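Residue-level listing of the chains:
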Amino acid sequence: MDFRGFGGTPKDESGFVEPLRCVADVVSVLNWIHEKHHRHGGKINDDGDDGDDDSTSSSRRPRPALLGWSHGALIAQITAQRHEEALSKL
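Figured I'd write up the structure that's included with this text. This one's a predicted model, so the numbers in the text were calculated from it and none came from an experiment.

1. A short note on the layout of surface pockets
So, point 1. Volume-wise, the largest pocket comes out at about 210 Å³.
So, point 2. Lining the largest pocket are 15 residues, with Met-1, Phe-3, Val-26, Leu-66 and Leu-67 positioned closest to its centre.
So, point 3. For the lining of the largest pocket, the secondary-structure elements that each account for two or more residues are helix H1 (19–37) and helix H2 (71–82).
So, point 4. With 4 residues, H1 is the largest single contributor of residues to the lining of the largest pocket.
So, point 5. In the lining of the largest pocket, the residues fall into 13 nonpolar, 2 polar and no charged.

2. Focus: the environment of Ala-65
So, point 1. Residue position: Ala-65 is located in the loop between H1 and H2.
So, point 2. According to the relative accessible area criterion, Ala-65 is partly exposed, its value standing at 49%.
So, point 3. Ala-65 sits 35 residues away from Leu-30 along the chain, and the two C-alpha atoms are 8.7 Å apart.
So, point 4. Non-local contacts of Ala-65, meaning those with residues more than four positions away in its chain, are made with Ser-88 and Lys-89.

3. Quick look at unusual backbone geometry
So, point 1. If you check the backbone angles, Ser-70 has positive phi at about 60° while not being a glycine.
So, point 2. As for its placement among the helices and strands, Ser-70 is situated in the loop between H1 and H2.

How each quantity is defined
- Position numbers for residues start from 1 in each chain and track the written sequence from start to end.
- Local features in a predicted model are, by the rule used here, given only for residues with pLDDT of at least 70; side-chain atom pairs are given and counted only at 80 or more, and totals for whole chains, interfaces and linings are based on all residues.
- Side-chain metrics in this entry use all non-hydrogen atoms of the structure; hydrogen atoms and water are not considered.
- A pocket here means an open set of points on a 1 Å grid, computed over the protein atoms alone, that has protein on both sides within 12 Å along at least five of seven lines. A cavity is instead a set of points where a 1.4 Å probe fits but cannot get out; residues with an atom within 4 Å of a point line either one.
- Grid points are joined across faces, edges and corners, and a volume is the space filled by probe spheres set on the points.
- Secondary structure elements follow DSSP: runs of H or I no shorter than four residues count as helices, runs of E no shorter than two count as strands, and numbering proceeds from the N terminus.
- All amino acids are sorted into three groups, where Ala, Val, Leu, Ile, Met, Phe, Trp, Tyr, Cys and Pro are nonpolar, Asp, Glu, Lys and Arg are charged, and the leftover types, Gly among them, are polar.
- Note on exposure labels: buried denotes an accessible area under 20% of the residue type's maximum, exposed denotes more than 50%, and partly exposed covers the range between, all computed with a 1.4 Å probe on protein chains only.
- Only heavy atoms matter for contacts: two residues are in contact if any of them lie within 4.5 Å across the pair.

In structure tokens form, the structure reads like this:
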């Protein structure tokens, strides 16, 4: 994914990219990917909880892995620190 104002993605009204805004965008994309590939759904909320108490179920697919390069690596690290449950590995 491109961050706002990077690559082919246009800037938003603020005109610049803030790291925590990027993190929120990444969490949204991770939730979207997980929902598309997880039969039970389950978004990660601000608490880092997906609301699914059955975390040991063998039918549960793991969360997406996250990889970042350059500025994306910084955002990936912040995402992992603040939303550990949103990804399976960094």
